[in-house]
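Structure at a glance
Each chain, letter by letter, is given below.
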Amino acid sequence: MPALNDAFDATTTTDDVMRGVSLAGQTALVTGASSGLGVETSRALAAAGAHVVMSARDAQKLDKARAEVVAQVPQAALDTLLMDLADTDSVRAAAGQALQDYPTIHLLINNAGVMACPLMRTAQGFELQFGTNHLGHFLFTCLLAPALLAGAPARIVNLSSAGHKFADVNFDDPNYRQRDYEKWQAYGESKTANALFTVGIDKRLKDSGVRAYAVHPGVIMTELSRHMDHADFETLSSRTPAGQELVFKSVEQGAATSVWAATAVELAEQGAIYLENCQIAQPAVQEGNSGVESYALDAAAAEQLWALSEQLVGQSFSF
Ligand SMILES: NC(=O)c1ccc[n+]([C@@H]2O[C@H](COP(=O)([O-])OP(=O)(O)OC[C@H]3O[C@@H](n4cnc5c(N)ncnc54)[C@H](OP(=O)(O)O)[C@@H]3O)[C@@H](O)[C@H]2O)c1
């Protein structure tokens, strides 16, 4: 296996990662492509020659994002796919359309997300963060598996977060039916679920040439903070270890680890791993924002989450 690229770090940008990479002939689907990291991820993949399907739930916003990418990459091959991840009916309809229009998919970037919202519920009654960030992507990815298998070698990139450190998945009450809601805990649970889903899907698809990666992009000012108030920013800063400052990345730096996960040759034989700063993350240490908690990559918990997710979406998958 080639060594990891020592030159890449927290300052690496999408263009640094994609220099010399050609994605001609590849189809990539990016969720949450109407804002923030999803737009930049789409731009970088399209600039490398991929046919990019930009997915989001708001048609107007998605068209605007598509126009932004075209302005920067006039030759971009772009399609759009409307999908509300907070409604399994919408996810099933979008997946059905995608399978019909794109029978071969090489890269699936599960990037959409919602963070620290007040207690809200999806169309099917799931807590909004767990329902959108995890269950919507779980269902979408499993339904798209035939296209990913047709595209093998193919990759799935799941946007997790250092926020996974806030909480492990609560298997007894994943949807906050019996306990008081806490918005950061719920975000943490959903982001741990993103990492555990990476482990579960990689296990099932790796022998067929589809590998999965979890990504922490860094801390980037995007619309993700739309539900945050001043006190939330103070809380986040106070969780930063003494002597360290909360370092913000640009959007180009933030999306770099996603496109690295999607394209790095040195990752081809690996999967079920958590990446940050265009490197494989180290195990978390007690203090600090970096590294991955062992519970987020735990194989038994990944199986437990798989079974729970199948039960909640009402469908079993065998690939
Ligand atoms: N920014 C950071 O500092 C940071 C740090 C760690 C992890 N992350 C992760 O990175 C990913 C991208 O975040 P971002 O910073 O780019 O945030 P963003 O600018 O808020 O973008 C989030 C995207 O997800 C979409 N989305 C939200 N709910 C959806 C739903 N129900 N159905 C379909 N799409 C939906 C949004 O569409 P609408 O605009 O229509 O809502 C938007 O396109 C997220 O998974 C986030 O958890 C970000």
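Residues numbered from 1 in each chain as written. Predicted model: local features only at pLDDT ≥ 70, side-chain atom pairs only at ≥ 80, totals over all residues. Heavy atoms only, no water.

This brings us to the packing of helix 5 (residues 128–151) against helix 10 (residues 299–313). Between helix 5 and helix 10, the shortest axis-to-axis distance is 10 Å and the interhelical angle comes to 90°. Of the possible angle classes, the one that applies to helix 5 and helix 10 is roughly perpendicular. Listed contacts from helix 10 to Phe 130, His 134, Leu 135, Phe 138, Leu 139 and Cys 142 of helix 5 are Leu 305, Trp 306, Leu 308, Ser 309, Glu 310, Leu 312 and Val 313. Residue composition of the contact of helix 5 with helix 10, by class: ten nonpolar, two polar and one charged. (Axes fitted to C-alpha atoms, helices over the stretch in contact; angles between N-to-C directions. Helix = DSSP H or I, 4+ residues; strand = E, 2+ residues; numbered from the N terminus. Parallel < 35°, antiparallel > 145°, perpendicular 65-115°, else oblique. Contact = heavy atoms within 4.5 Å. Nonpolar A, V, L, I, M, F, W, Y, C, P; charged D, E, K, R; others polar.)

For the structure shown, the criterion picks out twelve salt bridges. With a shortest N-O distance of 2.7 Å, Lys 61 and Glu 223 are connected by a salt bridge. Of this pair, Lys 61 sits in helix 3 (residues 59–72) while Glu 223 sits in the loop between strand 7 (219–220) and helix 7 (230–239), and the two are 162 residues apart along the sequence. For Lys 61, a relative accessible area of 25% corresponds to the partly exposed category. Residue classification places Glu 223 among the partly exposed positions, given a relative accessible area of 36%. Taken together, the shared-partner salt bridges in this structure form one network comprising Asp 15, Glu 40 and Arg 43. (Salt bridge = Lys/Arg side-chain N within 4 Å of Asp/Glu carboxyl O. Buried < 20%, exposed > 50% of the residue type's maximum accessible area, 1.4 Å probe, protein only.)

In this section: the packing of helix 4 (residues 88–101) against helix 5. In the contact formed by helix 4 and helix 5, the axes pass within 9 Å of each other and the chain directions differ by 20°. Accordingly, the angle class assigned to the pair helix 4 and helix 5 is roughly parallel. Once helix 4 is placed against helix 5, the crossing between them reads as right-handed. Within the contact between the two elements, helix 4 uses Thr 88, Val 91, Arg 92, Ala 94, Ala 95, Ala 98 and Leu 99 and helix 5 uses Gly 136, Leu 139, Phe 140, Leu 143, Leu 144, Pro 146 and Ala 147. (Left-handed = near helix turned anticlockwise from the far one by under 90°.)

To continue, consider the site of the ligand. In the vicinity of the ligand there are 30 residues, among which Ser 34, Ser 35, Arg 57, Lys 61 and Thr 222 approach most closely. The contact in question runs from an oxygen atom of the ligand to an N or O atom on the backbone of Leu 37, over 2.8 Å. At 2.4 Å from an oxygen atom of the ligand is found a side-chain nitrogen or oxygen belonging to Lys 61. Taken by itself the ligand offers 900 Å² of open surface, and the protein chains cover 96% of this. When residues of the shell around the ligand are traced back to their parent elements, those giving at least two are helix 2 (36–47), helix 6 (183–205) and strand 7. Of the residues assigned to the shell around the ligand, the class counts are twelve nonpolar, twelve polar and six charged. (Near = heavy atom within 4 Å. Polar contact = N/O pair within 3.5 Å; in protein donor to acceptor, adjacent residues only side chain to side chain. Areas by Shrake-Rupley, 256 points an atom, 1.4 Å probe, with all protein chains shown as cover.)

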